[in-house]
Amino acid sequence: MTNHWIDFKNADIILVMGANPAENHPISMKWIMKARERGAKLIVVDPRFTRTAAKADIYAPMRSGTDIAFLGGMINYILKNNLYFKDYVVNYTNAAFLVNPDFKGPGDLNGVFSGYDEKTRKYDKKTWSYQMDEKGIPKKDPTLKDPHCVFQLLKKHYSRYTIDKVSAITGTPKEKLVEVYKAYASTGKPNRAGTELYAMGWTQHTIGTQNIRAMSIIQLLLGNMGMAGGGINALRGESNVQGSTDHGLLFHILPGYNPVPSASIVDLKTYIEKFTPKTKDPKSVNWWGNRGKYITSYLKAIYGNKATKENDFGYAWLPKLDEGMNASWLVLFDQMFKGKFEGFFAWGQNPACSSANAGKIRKALSRLKWMVNVNLFDNETGSFWKGPDMNPKEIQTEVFQLPCASSVEKGGSITNSGRLAQWREKAIEPIGESKPDSEIMNELYFRVKKLYRKQGGKFPAPILNLTWDYGEKGADGKIKKVDIHRVAKEINGYYLEDIFDRSATPPKQIGKKGSLCTNFVTLQADGTTSCGNWIYSGSYTQKDEKVINMMARRKKTDPTGLGLFPEWAWCWPVNRRILYNRASVDLHGRPWDPKRAVIKWNPIKLNPLTNKPGTWEGDVPDGPAPPMADEKAGKYPFIMRPDGMGAIFGPGLADGPLPEHYEPLECPLQENPMSRKHRINPTVKLFYGITGPHDMPAKGGGLPEDIFINNDSRYPHVATTYRVTEHWQTGVLTRHLPWQMEMMPQQFVEISEELAKEKGIKSGDKVIVSSVRGKVWAIAWVTDRFKPFKVMGTTVHQIGLPWCFGWQYPEDGSSGDSSNLLSPTVGDANTMIPETKAFMVNVEKA
Amino acid sequence: MGVSRRDFLKISGGSLLIGSLGINLNPVKAYAQGLRIKNAKETQTICPYCSVGCGIIVYTSEGKVINTEGDPDHPINEGTLCSKGQSLYQIVNNPTRLTKPRYRAPGATEWKEVEWDWALDEIAKRIKATRDRTFKITSKSKVKEKQPDGTEKDVEKEFVVNRTDGIAHVGSAALDNEECYMLQKLLRSWGLVYIEHQARI
Amino acid sequence: MAKKALLISPELCIGCRGCQTACKAWNQLPAIKTANRGSAENPPDLTPNLYNRIRYVEMPSESNQVRWLFVSQRCMHCDDAGCIKICPAPGALFKTKEGATAYDKDKCIGCKLCVAACPFDVPRYDEKDKISKCHLCSDRIAEGLAPACAKTCPTGAIRYGDRDSLIQMAKKTGYAKVYGETDLNGLGTLYAFKDSPKIYGMDEHPAIPETVVFWHKVLKPLAYLGLGGAVAASLLHYVAFGPKKDEEVK
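Summarised in this report is the structure supplied together with it. Source: prediction; values computed, not measured.

1. Brief notes about the sheet that holds strand 4 (residues 64-70) of chain B
Residues and elements named next belong to chain B.
Then step 1. The three strands lie next to each other as 2-3-4, forming an open sheet whose pairing is antiparallel. A strand with exactly one partner marks an edge of an open sheet, and here the two such strands are strand 2 (41-46) and strand 4. Direction aside, neighbouring strands of the sheet carry axes that sit 30° apart on average.
Then step 2. Of the pairings in the sheet, the one linking strand 3 (residues 55-61) to strand 4 comprises six bridges and is antiparallel in character. Bridge pairing links Ser-61 to Lys-64 in strand 4.

The following block contains the structure:
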């Protein structure tokens, strides 16, 4: 989230697309309804009329997987009708940048951008570059008229997304499109704010990243980024999925979004060089210029005194990926299916139900030698060997199932979607013999280390040199009980020496040896600071001798009246509640909307840091520099980007610098209405081969488990998956709760009255939903909340079903099984998030 | 609704799910005795379900959770909760919780309860055996290399990677921050690179 | 003390059922095994262990493909309460000072007259044959707390407060008529309905069955004079409604 939950109350227009907050984030509706009380409008775009749609001022139905067409039409509408916020667009975005004249778009090149290589299915991005001036800074045309400037390229690209075309692709009635476009574009004025709320409805597509990019473009055009009541807000699914991502529980990132090193990055110097972006523009803050400080402080945190300048701070001990290696979810389970792993941890997760193509995952688990399953309850993953179609006697996998303590049986912090890290206190002792996860980790750490110490083994250095100073040690050397506060402090970081600001004369001491770091601004690249995760630096700090757990704060002051509550818990980075807030003011630091001022520049008030007049008031600004108009010290607003500008043109992505509509891997159409040649995203990783001309499955194109179909009369209906208010994720934490099960006991499928009539299905009937990969039974909900779509002149039915159920519990099998048995093996071109929101199925009465 | 009152009462008269609650308080008794949470200890927590981050108060008495409800002081939820958050009580008071480690041997048809010490030692042994068997000090990668004539060419070279491809890990977005940090550190110390979790799906 | 009430506004309800669970949690009510019957609505009716439930109603709409209403169903806490009127067991059903229709299970004789007397089909009987229904969390409100359902509601679809101010508030926000303002001498569960009550599954003009009113006036005092509670009740039941039938048949 760029903004935060309470901030929804500040919006004038709330666009919910790719999310269903009333069901999956119900309390957010408190703030959405508050906005509506003020006269704000709620717009819901969804294939299905959801509980959120039930509260909408405008509801627009849309076929799953066509969001870019929908949003492309909105970009076209905004540009055609001059509804964009010109001052913002010219000064704060890359709209004025001049792009390489050789750049061509899908309109010119039959569905692809310039640089596409069909063999490798990858782009050579050479032509997606900017024209540079003699100083090495991108050339700009502030009039936005140059035919090669981003603005004109944008205009040309989206001129193809006409209302007629968009309606034919999405199935959204034309008048609904215009109604939504008009309402949302009304926020292109300085005193109007529009926010967008998305979730898995946008990410779980082969064009997932570009769905979000399309909306970012709209938010930049309308000047909504950085504003109170604005931004783009990912409504994340789990209580700490923000934190677990921040802390790098993913193959490609270490804590704090530092990339995992690959093989050819042979030492720390090369790492820092490669991952430190450069800019020659003095007005750009280019925050990632600090990379060296963050990675070095991380190495100091995990290897402590063992990390020295001489041994490259232990950089060699970090495992490295091969060049180009992708170890993400779908690949991981593909490797497992192929018998590549001996061991596997499923720790607080239930992939046998939550993964796309769950049938393949269940088979893959049987090819392991051993598995460790940590959970509160038994689940479909831990007990996979006794699941449907499994013969336990033939399955050789050993499984260890370890009971962990629940959230109220331990202390620690979690980070919500708004980046707010909140501390939880322990209320009771763990139930039965269950242990807090940290204790299980502590045990495994100690026992594995002991084995290496006693027996030796392969490359023991990273195991023996890891810091683990989390409490008092017993006689055997094991930490008796993990003091979770010590972990939080390691994450925050320590000054390992006295630290001085050497740019000041005389050098000013900014850190005292042995104290907790104040924040990441004081971190060093020379090994004199340690910090487990730089973005959390400042979360557990000290003032003089007093140590303060900032995440446990509970003071409820709201000086701006915007609901920022700056002294309630702690928000990363540096307690900033709204990201990109420097874009909420004009070039002189005056709020675009004085009624909703996130920050403002006070030119008279003394700055406590510099002791000179001129300081920011309000939220913690995106950097302390004076407003952009200040000739000497002024800075651009988007400080995390090397050029300091909001990216309308995004040359960093795998599948194009501007979002383009491609159909899902499985869709009801023979060809892509936007570009005949490329039906699907031309850069997705294929697990099952395709053949031309319309990206159809190649005969024998891969494992039978990965098969897909397209435009196939056996599977004529579009399907999507979702959750319900009463259950959470695969249901492991809700199917065991009688109160929740009473309300939502069994798998269901929602189908339209029209389709039900065709199939002779009545509400309450048991039906079979099948894809080319699997089938599930479900109870039919025949409803007007789904309606057939008119797509390219034909009628397309869409259905939907939740993925909250599984065979293992209730033990009588009465709740059904996961709808992920139906979904395909394919992921987004950038993130590899599986496409579980659009695939093709059939529905028949059981 | 497609069910008659008679049918329904049959269902409702049937099996009651789980006797975790035990008592069915007579409201007038409660009315007379005052609130049942009157002398309970209050602990603030944050809801473990979605990412809104609602505050919940856990009421405990004699080491047992006797009630959970929204924290009225919390600025996001202001005392309110959805049905999932309201059910937190049943996460703790739940007879189906796992309370002892279990082991399933190769080819076994049932779980067997085991002692922690044994399970942890056995897991540690397997981690070491698999790691030692599959550890890669070096691995080949294709990289672009500048040629004397200034062009770039793909060449295969051997690099130090110090990793194991024999063990994979998934999870978890349900862990606390401190645990996530400990876990990534621990897994990487063993050399794992196949580390994924809910954020990817 | 000022009379208290709940104001239920379906237009604000998001159907999250926090209230349905909060009620269960506070009142320690177990769940039953249900089946999915083709809708989100579950259980399909109030039970002795379900005092409050959300009904999900799909309606045609002018502006959209459908209208989806979420309506809380529970005891209406009538001022002129049919259940109290007919109840032959002294002190089993009574009004609290806040206006809640509460009950004492120990005094309930299990006659089920209240079932027939309720215009809203609310009272249910537990496995010990004692009345069981929403009592407005009488234990909470006596201590100045809001009932569990109102406290948990994220959007203000269930509000608790002084009855007069709730009515004023509803009127101020555009509801010319508040359902229950005057019916049965004023209901303790008020609704802000945008359309006809029928759409929300409510009678336009709820009333206590005539027979109940009559027998309340004539027979109940006689019964108290001469007969013990249980005997009186069955006599009363016989005279008022005929031979006792299987009460499962509605």
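2. Quick word on the interface of chain C and chain A
Then step 1. In this assembly, 37 residues from chain C lie in contact with 40 residues from chain A.
Then step 2. Carbon and sulfur atoms make up 55% of the area that chain C and chain A hide from each other, which totals about 3000 Å².
Then step 3. Of all residues in chain C, Asn36(C), Gln65(C) and Trp68(C) bury the most surface against chain A, accounting for 24% of the area lost on that side.
Then step 4. Inspection of the region where chain C meets chain A yields four salt bridges.
Then step 5. A salt bridge links Lys24(C) to Glu742(A); the nearest nitrogen and oxygen atoms lie 3.0 Å apart.
Then step 6. Between the two partners, chain C and chain A, sit 20 residue pairs in polar contact (both at pLDDT 80 or more).
Then step 7. Only helix 1 (18-27), strand 2 (31-32), strand 3 (53-59) and strand 4 (67-73) of chain C provide two or more residues apiece to the side of chain C that touches chain A.
Then step 8. Ranked by residue count, the leading element in the side of chain C that touches chain A is helix 1 of chain C, at four residues.

3. A short note on the sheet that holds strand 7 (residues 232-234) of chain A
Residue and element names in this part refer to chain A.
Then step 1. The strand order across the open sheet built from five strands is 3-2-1-6-7, with neighbouring strands paired in parallel fashion. On the outer flanks of this sheet lie strand 3 (58-60) and strand 7, each paired with one strand and no other. Direction aside, neighbouring strands of the sheet carry axes that sit 15° apart on average.
Then step 2. Note that strand 1 (residues 13-17) and strand 2 (residues 41-45) share five bridges and pair parallel. Paired with Leu-15 across the two strands is Ile-43, which belongs to strand 2.

4. What about the interface of chain A and chain B?
Then step 1. Between chain A and chain B, the contact holds 169 residues from the first and 124 residues from the second.
Then step 2. Buried surface at the junction of chain A and chain B, summed over both partners, amounts to about 12900 Å²; 62% is from carbon and sulfur atoms.
Then step 3. Seen at the junction of chain A and chain B, the total is 13 salt bridges.
Then step 4. The closest approach of N and O atoms between Arg126(B) and Glu398(A), which form a salt bridge, is 2.7 Å.

Calculation criteria
- Residues numbered from 1 in each chain as written.
- Chains lettered and ligands numbered in written order.
- Predicted model: local features only at pLDDT ≥ 70, side-chain atom pairs only at ≥ 80, totals over all residues.
- Heavy atoms only, no water.
- Pairing = 2+ DSSP bridges.
- Helix = DSSP H or I, 4+ residues; strand = E, 2+ residues; numbered from the N terminus.
- Axes fitted to C-alpha atoms, helices over the stretch in contact; angles between N-to-C directions.
- Contact = heavy atoms within 4.5 Å.
- Buried area = accessible area lost by both parts, 1.4 Å probe.
- Salt bridge = Lys/Arg side-chain N within 4 Å of Asp/Glu carboxyl O.
- Polar contact = N/O pair within 3.5 Å; in protein donor to acceptor, adjacent residues only side chain to side chain.

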